Amino acid sequence: MNVADIKPSDIITHIEQNFNRTQATGLNCLIFLSLREQTTVAYQRKEWGFDDIPEHIIAWCDSLQEDGLIQLAEEITAGLLDEIIAAAVESKNAQVVTIQAIEAKPNTPLLSDY
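Residues numbered from 1 in each chain as written. Predicted model: local features only at pLDDT ≥ 70, side-chain atom pairs only at ≥ 80, totals over all residues. Heavy atoms only, no water.

### A word on the overall build of the protein chain
Convention followed: Strands are runs of DSSP state E lasting at least two residues, helices are runs of H or I lasting at least four, and both sets are numbered from the N terminus onward. For the exposure calls, accessible area comes from a 1.4 Å probe over protein chains only, and a residue counts as buried if that area is under 20% of its type's maximum, exposed if over 50%, partly exposed in between. The contact criterion used is simple: two residues touch if any of their non-hydrogen atoms lie within 4.5 Å. To measure how exposed things are, a 1.4 Å probe is used in the Shrake-Rupley method; for residues, cover is taken only from the protein chains shown.
In terms of helices and strands, the protein chain carries 5 helices and 0 strands. In the protein chain, the succession of helices and strands from N to C terminus is α-α-α-α-α. The buried share of the protein chain, taken over its 114 residues, is 27%. Contacts in the protein chain between residues at least 24 apart in sequence constitute 64% of all its contacts with a sequence separation of at least 6. Accessible area for the protein chain stands at about 8,600 Å²; split by element, carbon and sulfur atoms hold 54% of it.

### Digging into helix H4 (residues 55-62)
How we decide: This arc is taken over the directions from the axis of the helix to the C-beta atoms.
Within H4, the full set of buried residues consists of Ile57, Ile58, Trp60 and Cys61. In an axial view of H4, the angular spread of the buried residues amounts to 160°, which keeps them on one side of the axis.

### Looking at the confidence of the model for the protein chain
How we decide: You can read pLDDT as the predictor saying how much it trusts each residue, on a scale of 0 to 100.
Residues of the protein chain with pLDDT of at least 70 account for 82%, and the chain-wide mean is 87. Mean pLDDT per element in the protein chain: helix H5 (residues 66-93) is the minimum at 90, and helix H2 (residues 21-37) is the maximum at 97.

### Looking at the nonpolar core
Using the following cut-off: What is meant by a nonpolar core is a set of buried Ala, Val, Leu, Ile, Met, Phe, Trp, Tyr and Cys residues, joined one to another through side-chain atoms within 4.5 Å.
In terms of nonpolar packing, the biggest core is built from 21 residues, with Ile11, Leu27, Ile31, Val41, Cys61, Leu72 and Ile76 touching the most fellow members. Only helix H1 (8-18), H2, H4 and H5 provide two or more residues apiece to this core. Among the elements that make up this core, the one with the highest residue count is H5 (5 residues). When residues no more than four places from it in sequence are discounted, the contact partners of Ile31 are Val41, Cys61, Leu69, Leu72, Ala73 and Ile76.

Right, dumping it as structure tokens:
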């Protein structure tokens, strides 16, 4: 794929298929830092040492214009929030298991009593 033809949706597809939550969060941080500091995502990766994010994804991000980079960061954030909300709903809907004590019976009959 030609770097010039990359769209934010291409990067999102790759993230959804290959990244864990930590990597997606890290990439988002690098994108926001690059926007804030007016640098490249590659520069931020080098500065902060996020080596778990592949270089080709960094190059794809740097090929985007500022609006595309903001759109990408927005989509990554939305995906992370969806994941957090889904986990919260799942845990809320999970069946609560309560521990029930076994009642002690002081005069339990023995088999020999029969």
